[in-house]
Amino acid sequence: MCGRYVSHLPPEEIARIFRTVNPLPNIAPTWTLAPSQDAPVVRRHTQSGQRHLDVLRWGLLPHFTKNPEHARRPINARAETLATSGMFRGAFAQRRC
């Protein structure tokens, strides 16, 4: 797997499709969105429950990381072991996107 995907829709169109309510982020469409880049993400706001279109960095900084500069940053996980793997378990249970 190359770990890239297409994000060709402008933020206005994503917001219309998913009915997001927050101010639109400033992010350009791309045909090669790669790990460690900023990516448009639709997520549910924790207090209001409304959908928000935000920009998040693609990748995971594991909770046990001591030095973020030299950390291993996985970009994907196997569905079969996601809930039990020490690397992904906490993020899957509480912070998944």
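The structure displayed is predicted, hence computed values, not measured ones.

Student: Explain the pairing of strand 4 (residues 51–57) to me, and be specific about the residues and the numbers.
Tutor: Sheet topology note: the strand 3 (residues 38–44)/strand 4 ladder contains seven bridges and is antiparallel. By the bridge assignment for strand 4, Ala39 is matched with Leu56. Linking two consecutive strands that pair antiparallel, namely strand 3 and strand 4, is a turn of six residues; a positive phi of about 80° is found at Gly49 within it.

Student: Account for the side chain of Thr20, naming residues and giving values.
Tutor: Within the secondary structure layout, Thr20 lies in the loop between helix 1 (11–18) and strand 2 (30–33). Among the residues examined, Thr20 registers a relative accessible area of 13% and is labelled buried. When near neighbours in sequence (up to four residues on either side) are disregarded, Thr20 contacts Ala15, Val42, Arg51, His52 and Leu53.

Student: Quick rundown of the environment of Thr46? Include the residues and the values.
Tutor: Topologically, Thr46 is positioned in the loop between strand 3 and strand 4. The class of Thr46 is exposed, set by a relative accessible area of 72%. Distance in space between the C-alpha atoms of Thr46 and Leu60 is 20 Å, their sequence separation being 14 residues.

Student: Any details on unusual backbone geometry? Residues and values, ideally.
Tutor: Residues other than glycine seldom take positive phi values, yet Arg19 does so here, at roughly 55°. Residue position: Arg19 is located in the loop between helix 1 and strand 2. Of the residues examined, Arg19 reaches a relative accessible area of 67% and is grouped as exposed. The backbone of Ser36 sits at a positive phi, close to 80°, despite the residue not being glycine. Examined against the element boundaries, Ser36 turns out to sit in the loop between strand 2 and strand 3. With a relative accessible area of 48%, Ser36 lands in the partly exposed category.

The rules behind these values
- Residues numbered from 1 in each chain as written.
- Predicted model: local features only at pLDDT ≥ 70, side-chain atom pairs only at ≥ 80, totals over all residues.
- Heavy atoms only, no water.
- Pairing = 2+ DSSP bridges.
- Helix = DSSP H or I, 4+ residues; strand = E, 2+ residues; numbered from the N terminus.
- Buried < 20%, exposed > 50% of the residue type's maximum accessible area, 1.4 Å probe, protein only.
- Contact = heavy atoms within 4.5 Å.

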